[in-house]
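Structure at a glance
Below are the chains, spelled out letter by letter.
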Amino acid sequence: SQTIHQWPATLVQPVGSPLSLECTVEGTSNPNLYWYRQAAGRGLQLLFYSVGIGQISSEVPQNLSASRPQDRQFILSSKKLLLSDSGFYLCAWSVGTSGGGETQYFGPGTRLLVL
Amino acid sequence: SQQGEEDPQALSIQEGENATMNCSYKTSINNLQWYRQNSGRGLVHLILIRSNEREKHSGRLRVTLDTSKKSSSLLITASRAADTASYFCATELQGAQKLVFGQGTRLTINP
């Protein structure tokens with residue numbers, strides 16, 4: 001069966017520090033991968049999605065970036081965090097042949113607090 | 001503005017009652033999905049309904065889709081305390097390879 005991992009679960013970082021959040025998927029090949037951010041009590045904002053290694057689409061211009069160095073690994077990064085980067089970050093995957101709009105499976109999330 | 005808008009934003013009912021949540025959207029879609037999120041956790045997929053379908057059932061869940069009104073509803077029958085969560089609708093826009101999520105309905109089931 002497929003599983004999706006995210007780490008760390010919680011992160012407290014000072015303003016201006018770098019960020020690296022990692023997401024890995026097991027049990028499937030060539031998945032579509034997604035990074036979302038969720039503000040408290042709000043819906044999900046799509047940040048990046050990827051349909052293959054090295055292929056990244058950015059939805060919202062900001063100081064975050066994403067990379068997909070391996071088929072089932074998706075990394076969210078920042079060189080310098082802002083206070084506004086605080087939030088709950090969710091990684092998700094969907095079957096790669098489906099075009100991206102089919103069922104998405106979410107990881108447990110990373111809660112980021114920038115101070 | 002959001003593609004998907006849930007209504008109400010919050011709903012509180014007694015255990016055993018039925019809960020109905022609505023979702024409206026603006027543009028043509030390929031499918032509409034409902035997800036559930038327990039506090040501080042990831043989202044869990046509940047049900048997917050395609051644009052050519054009008055109603056779908058899964059256990060105690062019933063989803064309807066009215067493409068002429070660009071709206072969907074999620075009905076949870078015989079609610080349980082464990083149904084307490086936030087519920088989100090998500091739409092796959094025609095021509096897009098992604099989902100657009102609404103702001104969610106926060107459902108509280110009182111024992």
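The following refers to the structure shown.

Calculation rules
Residues numbered from 1 in each chain as written. Chains lettered and ligands numbered in written order. Predicted model: local features only at pLDDT ≥ 70, side-chain atom pairs only at ≥ 80, totals over all residues. Heavy atoms only, no water. Contact = heavy atoms within 4.5 Å. Buried area = accessible area lost by both parts, 1.4 Å probe. Salt bridge = Lys/Arg side-chain N within 4 Å of Asp/Glu carboxyl O. Disulfide = S-S within 2.5 Å. Helix = DSSP H or I, 4+ residues; strand = E, 2+ residues; numbered from the N terminus. Buried < 20%, exposed > 50% of the residue type's maximum accessible area, 1.4 Å probe, protein only. Polar contact = N/O pair within 3.5 Å; in protein donor to acceptor, adjacent residues only side chain to side chain. Phe/Tyr/Trp six-rings, centres within 6.5 Å; stacked < 30°, edge-to-face > 60°. 1 Å grid on protein atoms, 1.4 Å probe; cavity = no way out; pocket = protein on both sides within 12 Å on 5 of 7 lines; lining within 4 Å. Points joined across faces, edges and corners; volume = space filled by probe spheres on them. Nonpolar A, V, L, I, M, F, W, Y, C, P; charged D, E, K, R; others polar.

Examining the interface of chain A and chain B
- Counting residues at the interface gives 23 residues for chain A and 19 residues for chain B.
- Between chain A and chain B, a total of about 1,600 Å² is buried, with carbon and sulfur atoms accounting for 48% of that surface.
- On the surface where chain A and chain B come into contact, there are two salt bridges.
- We note a salt bridge from A:Glu59 to B:Lys98, for which the minimum N-O separation is 2.5 Å.

Section: the state of the cysteines
- As enumerated under the stated definition, the model contains two disulfides over all chains in all.
- In this model A:Cys23 forms its disulfide with A:Cys91; the gap between the sulfur atoms is 2.0 Å. Measuring the twist about the S-S bond at about -75°, one finds the A:Cys23-A:Cys91 disulfide to be left-handed. Linking A:Cys23 in strand β3 (residues 19–26) with A:Cys91 in strand β9 (residues 87–94), this pair joins segments that are 68 residues apart in sequence.
- You can call A:Cys91 buried: its relative accessible area is 0%.
- Here B:Cys23 connects covalently by a disulfide to B:Cys89, the sulfurs 2.0 Å from one another. Its S-S torsion of about 65° marks the bond between B:Cys23 and B:Cys89 as right-handed, since a negative value means left-handed. Placement of B:Cys23 in strand β3 (residues 19–24) and of B:Cys89 in strand β9 (residues 85–93) is noted, with a sequence separation of 66 residues between them.

Observations concerning the environment of A:Ser94
All names here are of chain A.
- Position of Ser94 relative to the elements: it lies in strand β9.
- Since its relative accessible area comes to 0%, Ser94 is described here as buried.
- Taking C-alpha positions, Ser94 is 22 Å from Pro8, a pair spaced 86 residues apart along the chain.
- Side chain to side chain, Ser94 and Tyr34 meet in a polar contact 2.9 Å long.

A short note on the pattern of salt bridges
Residues and elements named next belong to chain B.
- Following the criterion strictly, the structure yields seven salt bridges over all chains and no others.
- For Arg36, the salt bridge goes to Asp83, with nearest N and O atoms at 3.9 Å. Of this pair, Arg36 sits in strand β4 (residues 29–37) while Asp83 is found in the loop between β8 (71–76) and β9, placing the two residues 47 residues apart along the sequence. We note that Arg36, like Asp83, is buried.
- Residues participating in the shared-partner salt-bridge network are Arg36, Arg60 and Asp83.

Things to note about the side chain of B:Gln33
- Structurally, B:Gln33 can be placed in strand β4.
- Among the polar contacts made by the side chain of B:Gln33, one reaches the main-chain carbonyl oxygen of A:Glu102 at a distance of 3.4 Å.

Concerning the packing of aromatic side chains
- For the structure shown, the criterion picks out nine aromatic pairs over all chains.
- Between A:Phe106 and B:Tyr35, the ring centres sit 5.8 Å apart and the planes meet at 80°, which makes this aromatic pair edge-to-face. With one member in each of two chains, A:Phe106 in strand β10 (residues 105–106) and B:Tyr35 in strand β4 form a pair that bridges those chains. In terms of burial, A:Phe106 and B:Tyr35 fall into one category: buried.
- Plain terms: the ring middles of B:Tyr35 and B:Phe101 are 5.4 Å apart, the flat faces sit at 55° to each other, and that makes the pair tilted. Note that B:Tyr35 is positioned in strand β4 and B:Phe101 in strand β10 (residues 99–101), a separation of 66 residues in sequence. The same class applies to B:Tyr35 and to B:Phe101, which are both buried.

Thoughts on the layout of surface pockets
- The space that makes up the largest pocket amounts to roughly 530 Å³.
- Looking at the largest pocket, it is lined by 25 residues, and the ones nearest its centre are A:Ala40, A:Gly41, A:Arg42, B:Ser86 and B:Arg106.
- Every element with two or more residues in the lining of the largest pocket is listed here: β9 of chain A together with β1 (5–7), β9 and β11 (105–110) of chain B.
- Top contributing element to the lining of the largest pocket by residue count: β11(B), with four residues.
- Here the lining of the largest pocket is composed, by residue class, of six nonpolar, 14 polar and five charged.

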